[in-house]
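In case you want the letters, here they are:
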Amino acid sequence: MLSTRVKLTVAFVAGLVAVTITLFLAVLAARNNAVYHDIALYAAAQGDLAARIITDAAQSKEKVFTTSDTALIAALSPKVVDRLQSVPGYIVVVDTAGRAVYRSSDVMRLQGVDMATLQTQLADLPKSGEALIFSLDSQEKLLFVSHSLAGTPGGLSRIASGAVATRASTIPREYMLDALVIVPLIIGAAGVGAFLFLGRTQRQLTEITTEVAAITDGRSLHRRLALSEETTDFADLMMTLNAMISRLETSFAGLRRFTADASHELKTPLAVLRADVERAMADTSSQTERMVALEEALQEVRRMTDLVESLLTLARADEGRFDLHREPVELLPLVQEVYETALILGEAQGVTVNLPFTADVTVMADRTRLRQLFLNLVTNAIKYTPAGGKVELGLGRHPDNVTFAVRDTGIGISAADFPHIFERFWRADRVRSRMSERGGFGLGLAISQWIAQAHGGTLTASSRLGRGSLFTVTLPLGGDGQRT
Ligand code: ADP
């Protein structure tokens, strides 16, 4: 297998050769055209000269023809012939019957087949202007131009004047030198240059690849590719790779934290469960003690079930493998149901719950998920509001969306904690939170946010430490099959 470096070099050299050949042929064609043009001009000048000799003779009432009784063809008078012989080159004077009445000495020197063919071809030569290229047996080429003699007495038709044009169709020596020596040398040098340059590029790429492999082996994700003078050509690539490594680092850290948190959360209820079961099995325990221990064990099992269910929900959401059973959901009865639950929870905790405003709205949504979302927010509000506080729910309808808001006068969230509230397993006060009866897992808001987003909506929050919090769910109306 050829390396990419060799393949690229070969492609580069092949491209250069193709371009050079095309250029060479174009230059040669232009040069040959110019040479033909010069030769044609020269031949035409000779033709003009010969034509002037004949017309001058005719105008000065001189005898242009000698006619003898025996001659079948009218011949030019010796005086005119004499003068014509002073014109150099290939001159043929043709009469109206297509016969050559004069041939210059150069034409006379043409032999055999050449002569006969030339004669026929000259007879077909158009009357004026156009040229004929005639190839001789000796590989030489002649270029003839025709010049009309119309108007001259005695049935003369035209003069064909020619010149040797061989040099117009051959490649000149200096061109050959360029084509065979200089150009191949330049292309060879360019090829070597390209090969060396590609080698450097390939080395840089190999360096980058090795470095990326070393970084992404799992333990060095904190490292980044270092931009240097050497690798400036790949600055964009390296920056993109660095950004990708940063994202990988964040995801890996998140994954590690998630696994650690999940196992930690399961460890505590498992330990309690074990202690409860041991207590229930102890020989010394009374029947009542056993029942209390088993009751506690059951509670821990419920707690673990809740945790596992939440984890499963988030795992499915991450994979995009969740089934939302959308149906028209009337929000007013749903919010009222949530409100009634909130009243009971609030009463137990000495928190006043109100529902000051509602709206009659129907949206296309998953009723169970929506209830879960609203209840999460309401239970949080009650959970984090001390006795004597207030929780207010509200359902509002706007032109494009509908909002469900939960405001509390509870403990609030500090500015430092606020950015983390939607993170998984995050709790403002972990130790107290687990130990006290509030004891959530820190997954509720992450799930709530996912539910809102899965419905094309948002979950936003604002809070002040010691003053209370406001959580708002916004669901779109209209498009996506939703209606009011
Ligand atoms: P948890 O099950 O711990 O309540 P959530 O994901 O629902 O988990 O909430 C994450 C954290 O956000 C809570 O532990 C709490 O610190 C904070 N939080 C949520 N809602 C409120 C609220 N209404 N008032 C104050 N803090 C809140």
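This write-up is about the structure you can find in this document. It should be emphasised that the depicted structure is a prediction, and the values quoted were computed from it without experimental measurement. (Residues numbered from 1 in each chain as written. Predicted model: local features only at pLDDT ≥ 70, side-chain atom pairs only at ≥ 80, totals over all residues. Heavy atoms only, no water.)

So, the site of the ligand
In the vicinity of the ligand there are 19 residues, among which Asn380, Tyr384, Asp408, Ala428 and Leu445 approach most closely. The side chain of asparagine 380 places a nitrogen or oxygen atom 2.7 Å from an oxygen atom of the ligand. Between serine 469 and the ligand, the recorded distance is 3.3 Å, taken from a side-chain N or O atom to a nitrogen atom. Surface burial for the ligand is 96%, taken as the share of its 530 Å² of free accessible area covered by protein chains. Sorting the residues of the shell around the ligand by element identifies α9 (367–383), α11 (444–454) and β14 (468–476) as the ones contributing at least two each. Top contributing element to the shell around the ligand by residue count: α9, with 3 residues. Grouping the constituent residues of the shell around the ligand by class yields 10 nonpolar, 6 polar and 3 charged. (Near = heavy atom within 4 Å. Polar contact = N/O pair within 3.5 Å; in protein donor to acceptor, adjacent residues only side chain to side chain. Areas by Shrake-Rupley, 256 points an atom, 1.4 Å probe, with all protein chains shown as cover. Helix = DSSP H or I, 4+ residues; strand = E, 2+ residues; numbered from the N terminus. Nonpolar A, V, L, I, M, F, W, Y, C, P; charged D, E, K, R; others polar.)

With respect to the side chain of threonine 403
On the secondary structure map, threonine 403 appears in strand β12 (residues 401–408). Here the side chain of threonine 403 touches histidine 398 through a polar contact of 3.0 Å, side chain to side chain. Each residue touching threonine 403, except ones within four places of it in the same chain, is listed here: Gly394, Leu395, Gly396, His398, Thr472, Val473 and Thr474. (Contact = heavy atoms within 4.5 Å.)

Considerations on the packing of helix α8 (residues 331–349) against α9
Between α8 and α9, the least distance of the axes is 10 Å, while the angle of their chain directions is 30 degrees. The angle between α8 and α9 falls in the class roughly parallel. Both α8 and α9 take part in a crossing whose hand is right-handed. Contact residues: Leu331, Leu334, Val335, Glu337, Val338, Thr341, Ala342, Leu345, Gly346 and Gln349 in α8; Arg367, Leu370, Arg371, Phe374, Leu375, Val378, Thr379, Ile382 and Lys383 in α9. Along the lines of polarity and charge, the residues of the contact of α8 with α9 split into 11 nonpolar, 4 polar and 4 charged. (Axes fitted to C-alpha atoms, helices over the stretch in contact; angles between N-to-C directions. Parallel < 35°, antiparallel > 145°, perpendicular 65-115°, else oblique. Left-handed = near helix turned anticlockwise from the far one by under 90°.)

Considerations on the sheet that holds strand β6 (residues 141–148)
The strand order β4-β3-β7-β6-β5 describes an open sheet built from 5 strands, whose pairing is antiparallel. Two strands bound the open sheet, and with one partner strand each, they are β4 (100–103) and β5 (131–135). Between one strand axis and the next, the sheet turns through 25 degrees on average, direction left out of account. Alignment of strand β3 (residues 90–95) against β4, held across 3 bridges, turns out to be antiparallel. Bridge pairing in β4 places valine 92 opposite arginine 103. Helix-sheet contacts for helix α1 (residues 4–59) involve β3, β5, β6 and β7 (156–164), and the interaxial angle to β7 is about 140 degrees. (Pairing = 2+ DSSP bridges.)

What about the pairing of β3?
Within β3, 6 of the 6 residues are buried, which leaves the element mostly enclosed by the surrounding structure. Residues Tyr90, Val92 and Val94 point to one face of β3 and Ile91, Val93 and Asp95 to the other, with burial holding for every one of them. Here β3 runs beside β7; their pairing, made up of 6 bridges, is antiparallel. If you follow tyrosine 90 over to β7, its bridge partner there is glycine 162. Connecting β3 to the next strand, β4, in antiparallel fashion are 4 residues, including glycine 98 with a positive phi near 80 degrees. (Buried < 20%, exposed > 50% of the residue type's maximum accessible area, 1.4 Å probe, protein only.)

Comments concerning the environment of valine 361
In this structure, valine 361 sits in the loop between β9 (352–357) and β10 (362–365). The exposure class of valine 361 is buried, given its relative accessible area of 0%. Here the alpha-carbon distance between valine 361 and arginine 397, two residues 36 residues apart in the chain, equals 7.1 Å. For valine 361, the residues in contact, after removing those within four places along its chain, are Val329, Glu330, Leu331, Leu332, Arg397, Val402 and Leu477.

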